[in-house]
Amino acid sequence: MQTIGIVIGGKGRGSNMEALIRAFGDCVRVVVAPHENLPAVDRARALCAHVEIVQATEPERLVEVLSHVDWVCLAGYLRLLPLEVLTSHPGRVLNIHPALLPKFGGKGMYGHHVHDAVLAAGEEESGCSVHFVTEHYDEGAVILQKRCAVLSDDTSESLAERVLALENVAYVEALRSLIDHG
Ligand code: GRF
């Protein structure tokens, strides 16, 4: 059985985390969160997932907690991962980004900043990208993308909502195909 660790960030809403837990069940061995007081932590516990609180100042603990899983899925984690996690899980650390990479990625491109930029650029379509994580922001090879139209009356919020629905499906699909074929 292939095991999974999910790392969430300080915004900690947790919709991608929830999609992964619902799809992979007991294979999700740990959800790592930066602190207790996050909606995603409640959500993880309600789904009976094991939660570990690891602060940004404790990179060696993050490495240790993730050393017990085969796959690492970042979901709303906005920092660069300690290099040890990448070297101990070669080709097995994934992230999801709310745009069609390589466009609209990189440092500072998260949350509404991404959708604002897509709208400002007058793009006709957007979507999400599941990609491998490297030591640079949003630069690893893309595994799977899903696309949606950008509508003429879209706001950052309405576009974010449409993209998030795609994300929740794409992350599960991408990880499942990697586990099945890798
Ligand atoms: C998603 O938009 C994802 O693309 C980005 O962070 C957000 C996390 O959302 N990396 P959620 O917490 O999974 O709902």
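Use the structure listed above.
What comes next concerns the included structure. (Residues numbered from 1 in each chain as written. Predicted model: local features only at pLDDT ≥ 70, side-chain atom pairs only at ≥ 80, totals over all residues. Heavy atoms only, no water.)

**Comments concerning the site of the ligand**
Step number 1: By nearness alone, every residue bordering the ligand is listed as Arg13, Gly14, Ser15, Asn16, Gly76, Ile96, His97, Pro98 and Glu167.
Step number 2: Between the ligand and Gly14 there is a distance of 2.7 Å, counted from an oxygen atom to a backbone nitrogen or oxygen.
Step number 3: The separation between an oxygen atom of the ligand and a polar main-chain atom of Pro98 is 3.5 Å.
Step number 4: For the ligand, whose accessible area on its own is 360 Å², the fraction buried by protein is 87%.
Step number 5: Those elements that place two or more of their residues in the shell around the ligand are α1 (15–24) and β5 (93–97).
Step number 6: Residue composition of the shell around the ligand, grouped by class: two nonpolar, five polar and two charged. (Near = heavy atom within 4 Å. Polar contact = N/O pair within 3.5 Å; in protein donor to acceptor, adjacent residues only side chain to side chain. Areas by Shrake-Rupley, 256 points an atom, 1.4 Å probe, with all protein chains shown as cover. Helix = DSSP H or I, 4+ residues; strand = E, 2+ residues; numbered from the N terminus. Nonpolar A, V, L, I, M, F, W, Y, C, P; charged D, E, K, R; others polar.)

**Considering unusual backbone geometry**
Step number 1: A cis amide bond links Leu101 with the next residue in sequence, Pro102, at an omega value of 10°.
Step number 2: Within the fold, Pro102 resides in the loop between β5 and α5 (112–120).
Step number 3: For Phe104, which is not glycine, the phi torsion reads 60° and is therefore positive.
Step number 4: As for its placement among the helices and strands, Phe104 is situated in the loop between β5 and α5.

**What to know about the packing of aromatic side chains**
Two measures describe an aromatic ring pair: the distance that separates the ring centres and the angle between the ring planes.
Step number 1: Under the defined criterion, the tally for this structure stands at zero aromatic pairs.
Step number 2: When the ring centre of Phe24 is taken as origin, the NZ or CZ atom of Arg176, which lies over that ring, is 5.0 Å away. (Phe/Tyr/Trp six-rings, centres within 6.5 Å; stacked < 30°, edge-to-face > 60°. Lys NZ or Arg CZ within 6 Å of the ring centre and 35° of its normal.)

**Digging into the pairing of strand β1 (residues 4–8)**
Step number 1: Counting buried residues along β1, five of its five residues qualify, which places the element largely inside the surrounding structure.
Step number 2: Burial of β1 is two-sided: the residues Ile4, Ile6 and Ile8 facing one way and the residues Gly5 and Val7 facing the other way are all buried.
Step number 3: Bridge analysis of β1 against strand β2 (residues 28–33) gives four bridges, and the strand direction is parallel. Across the sheet, residue Val7 finds its bridge partner in β2, namely Val32.
Step number 4: For the crossover that starts at β1, traverses α1 and ends in the parallel β2, the hand is right-handed.
Step number 5: Across five bridges, the pairing between β1 and strand β4 (residues 71–75) is parallel. Counted as the bridge partner of Ile4 is Trp71 from β4. (Buried < 20%, exposed > 50% of the residue type's maximum accessible area, 1.4 Å probe, protein only. Pairing = 2+ DSSP bridges. Right-handed = clockwise from strand over helix to strand, strands pointing away.)

Purely spatial values, then, with no claim about function.
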